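# Structural overview
Spelled out from the first residue to the last, the chains are:
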Amino acid sequence: MDRVLRAHALKPENFFDVLEERRRGSDISHALRTFSAQVPPVPVSALNRMVQESQYLHYVISEIAAETGEPYECVKDEATSILEEMSQNLQLSFIRLMAFALTKVFKRLFSSIRVNEDGLARLQQAIQEHPVILVPNHRSYIDFLVLSYIMFTYDLSVPVIAAGIPLMGMSLVGEVLRRSGAFFIRRAIGSDKLYWAVLSEYVRTIVRTGFAPLEFFVEGLRSRTLKSLKPKLGMMQMVLEPFFKGEVYDITLVPISISYDRVLEESLLAHELLGVPKPSETTRGLLKARRVLEENYGCMHVYFGNPVSVRELAEGRIQRGQYNLIPRDLPLKLSANLQEFVGDVAHLVVHLQERGSVLSPWSLMALILLQNPDDLDWNVFIQKTLRLRTLASQLGAQIDWPAQLSDLEVMSSSMALHHAVVQSENGRVRLVEKEGPGPITQEEAVLRRASSVLMCASYRNQALHVFTRPALVAAAMAMAPSHSKEDVFGRFRFLQDLLANEFIFIPGHTVQDFEEGCSGLLRCGALSIQDHALSVIGEAQDTVVFLSGILKPFIETYQVVLEVLGKETFQTFTEKRFVPDIRAATVKLILSGEVRSYECISSDTLKNALSALVRMEAASKCQVADQIEYRVNQNVLRRIRDTLDGSVASEVPLYSRL
Amino acid sequence: MASNTDISEHQRSARRRLRIIAGHLQRSEQDGAAALSAQECKAETPRPSAAKGTAVPKRRQEIMKWNGWGYSDSRFLFNKKGQAEFTGRRYRLSGLILPSLKDWFEGTFGANLQHKTPATASLSVSAVPPPNLNELLVEELKAAGVALSSNPEDRVFRSHGHCLHEIFALREGRIGRIPDMVVWPSCHDDVVKIVELASKHNVCLIPYGGGTSVSSALECPPEETRSIVSIDTSQMNRILWIDEKNLTAHVEAGIIGQDLERQLNESGYCTGHEPDSMEFSTLGGWVATRASGMKKNIYGNIEDLVVHIKMATPRGVIEKSCQGPRMSTGPDIHHFILGSEGTLGVVTEVTMKIRPIPEYQKYGSIVFPNFQQGVACLREVAKQRCAPASIRLMDNEQFQFGHALKPQVSSIFTSFLDGLKKFYITKFKGFDPHHLCVATLLFEGDREKVLQHEKQVYDIAAKFGGLAAGEDNGQRGYMLTFVIAYLRDLGMDYYVIGESFETSVPWDRVLDLCRNVKERIVRECKDRGVQFPPLSTCRVTQTYDAGACVYFYFAFNYRGLSEPIHVYEQVEHAAREEILANGGSLSHHHGVGKLRKEWMRESVSSVGLGMLKAVKDYVDPNNIFGNRNLL
Ligand SMILES: Cc1cc2nc3c(=O)[nH]c(=O)nc-3n(C[C@H](O)[C@H](O)[C@H](O)COP(=O)(O)OP(=O)(O)OC[C@H]3O[C@@H](n4cnc5c(N)ncnc54)[C@H](O)[C@@H]3O)c2cc1C
């Protein structure tokens, strides 16, 4: 895996605007041109038949029939209807229709959709060799439309896409998407045995037959924070199984990094994080979203990463021979070793998505804005942003900073694009708060303010991964009793552990992450390492402070949670009450000035904090009646709190692994 | 169709085939070597049929290549006009020009006739290390009247099998550790004596049958410091008796396949055991390696054919007390002997099943649109248990290759593709020449049953899109079997090296295994700097109830590589790993030898390996049979 990571170091690549030619040429001839990509080797109907007649499904159906006492045929019918609900119906004629419509829409929404053509060339090569899995990050409902559109435009086999069931619910849209290659999966795929069986066989059959490139979102959901989500493993497992079982020679994973200057769902983002339920995905909802079409969303970047060979990743880690003594069709749980591998691969892919993503000027600006929330002088703002830009590129980020414009123009146009979030007046820059009707309570005012902050934070989040590792080292240094490598690493490990839901780290890669963080700091001249001790270079003190400041909103949230849960009243609490109660308590702390960051009331971060505490055994989870209840372990909680405050040594660090 | 099904014609053609196999050898001249002291065996075994004209003389180098495959007079070469031809007069292909071979050869390997890598012409005696003789043993053997020799050519000839690295080294004139002496026992008692004396003088013995091993089984362990004696069994080549009531024959283990068949044929019988190496390989070698013959579907593999085995070991002679067709007497001791690869003792005599020569033989062939369909058909044939005597499925690359071996003239050899083209438009529409593949068939039995059987198989084939493609094409395929082995030497004259290897695998994994192994070979070659994509092809050569035997050919052009053999070995190693990872066996019939022994533990478990070791330790505590195969 390390080898793969090294081989995938980012080289600068040129991006080309897919829309440019469309603005010049004819949309209809684009849609109708001869499409020369490989077509599926078998018709859709044959694919479904293969799934239905598979030995594997037969086993599962028999098993379920035996368990439930239902007749085999009934279970089989049920499987068939699941398959019907699920299956895609990829049709080139529909793709053409879609291409035509999407050209119109995209031209309206985006000033450009920029793709790295080298990546597409690599993809084209990969498609000819082995089954290809496209793994984009998920930031917007239109992610997969854009991808299919690009594939079509570049004469690449149009993928079949694992989409969420809610989309299917939109009557007409569902059918359109189906014919564009989408297949639909329910949210909780793990719990229903028959469902899992049909879906997994469907996915495996697509991979096995090389039906078409398969696309799925390894994060499972659209990220409401625009930050990478912890990968879900179900689909990844299904996709990789044919390799484990030798049914294909290799599988190629292509991480795809999509980044938006501005996301279409922008106005939903903060609401979702503050507990205002989002509108369900109905056709009407989408139609209402017509307003969306009237806005400009700037530029969109799609980076097609280096194809990753699963075979290469598996070398020395996976014994495919473990299937030698059993029929490969038997419904068996994956061995522990394979499960671990699936997890690592999923994390690796997310990591590669992050590495490949392109930062917009706006995401850097948002970062600066959040560190100076009250208001900021334009010139200072520009200066700070430019310094951040330098820092980010030193840390290896791809930044889309148009060279042909002056820095002032770049930043002003970003401001214009995000006028809903930020405004400048009399040379001062500040976050915009939505005007609401009538007089409001103090608490409501906090929520309003938080909503702007969280929207801004989402854009900052698109850039976070660049800084995470050096920032963690910086924060660890601030907490550690000494700057010896051992002590700093100990804190680093603690922080990484605590924040593992917040940022995506490849399991078991702590040492490499630490080294990466250190070498990042070395590269930007902030650190020197001598005799196994780290020291901050004098003039770069503020860089280190700045970097650790990036983590502050998160750490502060965790501190608040630790604080609140430390109180008597929170000895036990239900899952349902957790976010509202903590949020209410936090709002009070904000009002009293004890807590500064409005990000502390983001439900996303609060939930992450809770699962971190469960993972670290400071809280335990149990089912009481029909509720999920948590019980706090005060001792552990206190220890975590103290370590975070830097007042006690964390447990003995495993420094020997360095 | 009916015109050529005349029984006597077919019997004649079956005989003809056997004659081809046997070759048209004159009786070899008297052995000239002074060191040889041929003696009559003193044993009192009944001897109704003394060894008749055998195809292999004591001094094998007189008629066989010392550094390549087969008879010295038969080889492929590119003549002055740049056309390929096959020399000699032994085979159907002998003396014919093969006009398409050059293009196929250059196109497939990126080889060039200008770039030659000729072999060292003759063995340089000075390159041969002097023998390390155990004088006492030599004395006692001479006294016992056992023929022996320490002539360098005799020793070098018995120092190897036919693995690529072995032949490659010989072509370059490189000689490693070789036997110090060759002995030629002429009967069971001679062998007993030799084993006794070797134990007494602590000398290492390596049995040598036909020398066709492809597992490094005959290679002398370089670390062996004792004197190494090769026991050449070629003089133990008599059929001692034929039991027509029980249909068995008692045969000395050194008999080579073609002699055995020819001699049995004279009495109206056959064993039906026909490994592709049967021109040279021996009964003892088959037992020692668990060999498999082409027609095993009717006659069985060697383990099904043997009724009784006699083996001389350092502990004494092992054999069963009766010839009951099946016994429940604990683990079958034959199975310690079968596949023992010369590590326990020398197989001296074997009683094996015989059958009357079949009344009728018929070849056939089927074209499938692709390999998947072909495999599906074979699987169905196996399921219905109606496999013909032989059924082999070639992949597309091999189909193309077969086409390249089409001679200029000769009716039987009309090109497959030409034949196909004739009805391509009508019948084979939709068959992509880059995907189609061919099965060749051989039916045997009485005429009526064969015809019935044939229909059954063709009906199954039709369900999988297979179309009958004529008898000639089938017959051609089987004819080529014996000459294909000569091709590697031609390749080696022009920078092309290659090898074949095999495995057995459950039915459901056949396709996956074939695809993955072929691809692995291609990738590994690329990764290791092989400039031109290799030939990586396979065929399914045997069907069983629960799986199939798959045979791979792999060859590449090594120009530009400094260590071609090393690269070759790495690729073969990777291919074997791939086979094992895909549920294939370590070997279906070639055996383990030294080439594959690193995987033995994984293949049979530690306990399994321990069992084999325990047997070895009991039977041969001083490692007299020290070829170090298997364990
Ligand atoms: C072109 C070609 C085609 C082949 N086709 C087939 C095929 O179709 N089917 C198949 O099964 N194999 C095939 N082989 C492999 C080989 O022919 C077999 O392994 C064969 O059984 C070896 O017999 P041999 O007499 O040549 O033995 P050798 O090569 O001389 O010896 C093989 C091993 O057996 C031991 N041995 C030999 N004789 C005795 C004995 N009397 N007692 C104890 N140990 C002994 C030797 O020590 C050695 O370890 C092929 C090989 C080649 C080169």
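Residues numbered from 1 in each chain as written. Chains lettered and ligands numbered in written order. Predicted model: local features only at pLDDT ≥ 70, side-chain atom pairs only at ≥ 80, totals over all residues. Heavy atoms only, no water.

### Let's talk about the side chain of Asn396(B)
Residue and element names in this part refer to chain B. Put simply, the test is: Helix numbering and strand numbering both begin at the N terminus, where a helix is a DSSP run of H or I of at least 4 residues and a strand a DSSP run of E of at least 2. Counting of polar contacts relies on pairs of N or O atoms within 3.5 Å, with two restrictions inside protein: one atom must be capable of donating a hydrogen and the other of accepting it, and residues adjacent in sequence are counted only when both atoms are side-chain atoms. Only heavy atoms enter the contact rule, under which two residues are in contact if any of them lie within 4.5 Å.
Locating Asn396 in the fold gives a position in helix α13 (residues 396–404). At 2.8 Å, the side chain of Asn396 forms a polar contact with the backbone oxygen of Pro433. What Asn396 contacts, discounting residues up to four positions off in sequence, is Pro433, His434, His435, Leu436 and Cys437.

### A few points about the site of the ligand
Residue and element names in this part refer to chain B. Our working rule: Whether a residue is near a molecule or strand depends on its heavy atoms: if one lies within 4 Å, it is near. Under the scheme applied here, ten amino acids are nonpolar (Ala, Val, Leu, Ile, Met, Phe, Trp, Tyr, Cys and Pro), four are charged (Asp, Glu, Lys and Arg), and all others, including Gly, are polar.
Lining the immediate surroundings of the ligand are 34 residues, of which Thr212, Ser213, Asp276, Ser277 and Thr282 lie closest. Within the contact set of the ligand, a nitrogen atom lies 2.8 Å away from a backbone nitrogen or oxygen of Ser292. One nitrogen or oxygen atom from the main chain of Glu341 is found 3.0 Å from an oxygen atom belonging to the ligand. Only β6 (204–208), α8 (283–289) and β13 (346–353) provide two or more residues apiece to the shell around the ligand. At 5 residues, the largest contribution of residues to the shell around the ligand is made by α8. Considered class by class, the residues forming the shell around the ligand number 13 nonpolar, 19 polar and 2 charged.

### A word on the domain arrangement of chain A
Residues and elements named next belong to chain A. Selection criterion: Where a domain begins and ends is set by an automatic assignment or by a domain database. Here the quantity called buried area is the accessible surface, traced with a 1.4 Å probe, that two parts lose on coming together, added over both. One speaks of a salt bridge when a side-chain nitrogen belonging to Lys or Arg is within 4 Å of a carboxyl oxygen belonging to Asp or Glu.
Here the domain parsing of chain A yields domain 1 (2–260 + 297–356), domain 2 (359–462) and domain 3 (465–657). Between the C-alpha centres of domain 2 and domain 3 there is a distance of 25 Å. Taken together, the contacts link 26 residues of domain 2 with 23 residues of domain 3. Roughly 2,000 Å² is buried in total at the junction of domain 2 and domain 3, and carbon and sulfur atoms are behind 72% of that figure. Sorting the residues of domain 2 by area buried against domain 3 places Leu391, Leu395 and Val446 first, and these three jointly supply 28% of that buried surface. Counting across the domain 2 and domain 3 interface gives 2 salt bridges. When the shortest N-O distance is used, the salt bridge between Arg460 and Glu599 registers 2.7 Å. Between domain 2 and domain 3 we count 3 residue pairs in polar contact (both at pLDDT 80 or more) in total.

### A short note on the side chain of Glu354(A)
All names here are of chain A. The criterion, for reference: When accessible area is computed with a 1.4 Å probe and restricted to protein chains, residues below 20% of their type maximum are described as buried, those above 50% as exposed, and intermediate ones as partly exposed. In this count, Lys and Arg are taken as positive residues and Asp and Glu as negative ones, while His and the chain termini are left out.
Tracing the sequence through the fold places Glu354 in helix α18 (residues 336–356). Arg469 is the oppositely charged side chain nearest to the buried, salt-bridge-free Glu354, at an N-O distance of 4.9 Å. In terms of polar contacts, Glu354 uses its side chain to reach the side chain of Ser228, at 2.8 Å. In contact with Glu354, other than residues within four places in its own chain, are Ser228, His465 and Ile504.

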